[in-house]
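# Structural overview for review
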Amino acid sequence: MTVDAPFEITLCAAPATAPAAGSTKVHGAISATQERILSPVGVYVQHYLRRLESNDADDQSDHLKVHADHAAASAAKAIGNLDLSEEEDEEESEDLLMTDPKEWKQQDHYAVLGLSKLRYRATLDDVIKSHRKKVLRHHPDKKAAQGHLNDDGFFKCIQKAFEILSDQTKRRQWDSVDPAISDDIPSGKKKADFYEVFGPVFAREARFSSIQPVPVLGDESTARKEVERFYEFWYSFDSWRSFEYLDKEDATGGGNRDDKRYNDAKNRKERATRKKEDIQRLHTFVDNALKADPRIARFKEEDKLKRNAKRNAQEEEAKRLAEEKKAAEEAAKMAVENALMMEEEQKKARQQAHKLLKKEQRALKLAFKSLNFFAPAGATPSDADIAAATEKLDKITAAKNDADALVAIRTELEAAHAAGNGSATLDDIVSKL
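Below you will find a few notes about this structure. (Residues numbered from 1 in each chain as written. Predicted model: local features only at pLDDT ≥ 70, side-chain atom pairs only at ≥ 80, totals over all residues. Heavy atoms only, no water.)

## So, the nonpolar core
This is how the line gets drawn: Among buried residues, the Ala, Val, Leu, Ile, Met, Phe, Trp, Tyr and Cys ones that are joined through side-chain atoms within 4.5 Å form a nonpolar core. Burial classification: accessible surface area is computed with a 1.4 Å probe over protein chains only, and a residue below 20% of its type maximum counts as buried, one above 50% as exposed, and the rest as partly exposed. Segments assigned H or I by DSSP are reported as helices when at least four residues long, segments assigned E as strands when at least two residues long, and all are numbered from the N terminus. The contact criterion used is simple: two residues touch if any of their non-hydrogen atoms lie within 4.5 Å.
Of all hydrophobic cores here, the largest spans 22 residues; its most connected members are F194, F198, F202, L217, Y231, W234 and F285. For this core, the elements supplying multiple residues, two or more each, are α9 (194-205), α10 (224-235), α11 (257-292) and α12 (294-307). For L217, the residues in contact, after removing those within four places along its chain, are F194, Y195, F198, G199, F202, F230 and R295. Grouped together as the second largest cluster of nonpolar side chains are 20 residues, L96, V112, L113 and I164 included.

As structure tokens, then:
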């Protein structure tokens, strides 16, 4: 059904700077009207027809579902190859989804964006990609289309997390106080592997260094100069860690300038206190590491031995001889073990080769049978034909002790038989043995 309705447009008066009517130029004429037929297609037309059939004008669920499906499909197409598989996404707990956006300072921004495993190691690309995934899943328009009206709380949390983690300054402030990463330091008093205990903590604290790259802890083989340089670096550690994120805001939001200055001064004082405590904590940690580092103990022992070289000459010689003896014994033991291992491997290789050879011999025998013992096409092989083919088979298996060679012969015979000259090819193979 078509309805003709008048359509009028009132144009405003020409400006004073416009050219006179005589100086205007017509560049083209308006085309004549044409009648066109529009096809009633699309998800919204389908919804409209279903609404007419059901005569239920108050039921909005079908409309919202159609809108949600259409929006989700359009969004998925818009982001291209973004992988939204659930296998790669972190689970969203009920407590996380119920996070109050007003309490955004207490929320775990990495968990909100699904980056709780990477945390400070997440790159900006990781943040952007995870934000896109979360927006696609929790956008208020999509929730509304699914019937969840006014369900935008977690989406606000997502936006706030992205605002924090996509800004270098704000992200550093958050990383400085990330509650998911412990500030605990080992005492070094318990007997444990020094590198396993202190190595991860040094790597964790290194993220706060203003100077990059940070020297690594190393291992027992690290040179003394590098070890000393390592501790010199950490004793003069320049940390960018700050505590602005923990600043207390004016709860009323309408304080006067004096109140604001008071709050700012109080926050600055608390930040300075936390910074001082953090520096002291780091110095205590480095002290503990220095005391527990077996290399430092070894260096001290070496210095002591140098001061008492004459007295300890015999001990050093005995130690050297003992180490050489131990090394020689270990080398001899290793040589014997390697020889036995090599012999065992050779034995297994021979057994495996023998099994493969037997397997290919059986396969070749079955091939002779399946190829009708190379009798003429359509004829039943006689006993003489079978005996002759078997004799040739025995010659081949006796001459060829390699499984690959038997595979090649079998393949060649099958191809020749298919071409109609299998018997001649067999005779040629036997003649070349």
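From this point, the narrative continues.
## Details of the packing of helix α15 (residues 403-419) against helix α16 (residues 422-431)
Put simply, the test is: Interaxial angles span 0 to 180 degrees and are taken between N-to-C directions of axes, which are lines fitted to C-alpha atoms, for helices over the stretch in contact. For classification, angles of less than 35 degrees are called roughly parallel, those exceeding 145 degrees roughly antiparallel, those between 65 and 115 degrees roughly perpendicular, and all remaining angles oblique. Ten residues, namely Ala, Val, Leu, Ile, Met, Phe, Trp, Tyr, Cys and Pro, are considered nonpolar, four, namely Asp, Glu, Lys and Arg, are considered charged, and the remaining ones, Gly among them, are considered polar.
Interhelical geometry of α15 versus α16 gives an angle of 150° and a closest axis separation of 7 Å. As far as their axial angle goes, α16 and α15 are roughly antiparallel. Contacts between α15 and α16 involve I409, E412, L413, A416 and H417 on the former and, on the latter, G422, T425, L426 and I429. In terms of residue class, the contact of α15 with α16 is made up of five nonpolar, three polar and one charged.

## A look at the pattern of salt bridges
The criterion, for reference: A side-chain nitrogen of Lys or Arg and a carboxyl oxygen of Asp or Glu constitute a salt bridge if their distance falls within 4 Å.
Applying the stated criterion across every chain yields a total of 24 salt bridges. Close ionic contact of R298 with E220 constitutes a salt bridge, the shortest N to O distance being 2.8 Å. With R298 in helix α12 and E220 in the loop between α9 and α10, this residue pair connects regions lying 78 residues apart in the sequence. For the salt bridge of E317 with R320, the shortest nitrogen-to-oxygen distance reads 2.3 Å. Placement of both E317 and R320 in helix α13 (residues 313-370) is noted, with a separation of three residues, approximately one turn of the helix. Taking relative accessible area as the criterion, E317 reaches 36% and is therefore assigned partly exposed. Overall, the relative accessible area of 36% leaves R320 in the partly exposed class.

## A short note on the packing of aromatic side chains
The condition is simple: Think of it this way: a Phe, Tyr or Trp ring, Trp meaning its six-membered ring, pairs with another when their centres are within 6.5 Å, and the plane angle makes it stacked under 30 degrees, edge-to-face over 60, tilted otherwise. Two conditions define a charge sitting above a ring: the NZ of Lys or the CZ of Arg must be within 6 Å of the ring centre, and it must be within 35 degrees of the ring normal.
Counting across every chain of the model gives 14 aromatic pairs. On the basis of an interplanar angle of 70° and a centroid distance of 4.9 Å, the ring pair of F202 and F230 is categorised as edge-to-face. On the criterion of sequence distance, the pair formed by F202 in helix α9 and F230 in helix α10 is long-range, its members being 28 residues apart. Like F230, F202 is buried. Pairing F233 with W234 gives two aromatic rings, centres 6.0 Å apart and planes at 80°, and the pair type is edge-to-face. The same class applies to F233 and to W234, which are both buried. One aromatic cluster is present, built from ring pairs that chain together F194, Y195, F198, F202, F230, Y231, F233, W234, F237 and F285. In this arrangement the basic side chain of K160 is found over the ring face of W104, its NZ or CZ atom lying 4.2 Å from the centre. Taking the ring centre of Y120 as reference, the NZ or CZ of R207 above it sits at 4.7 Å.

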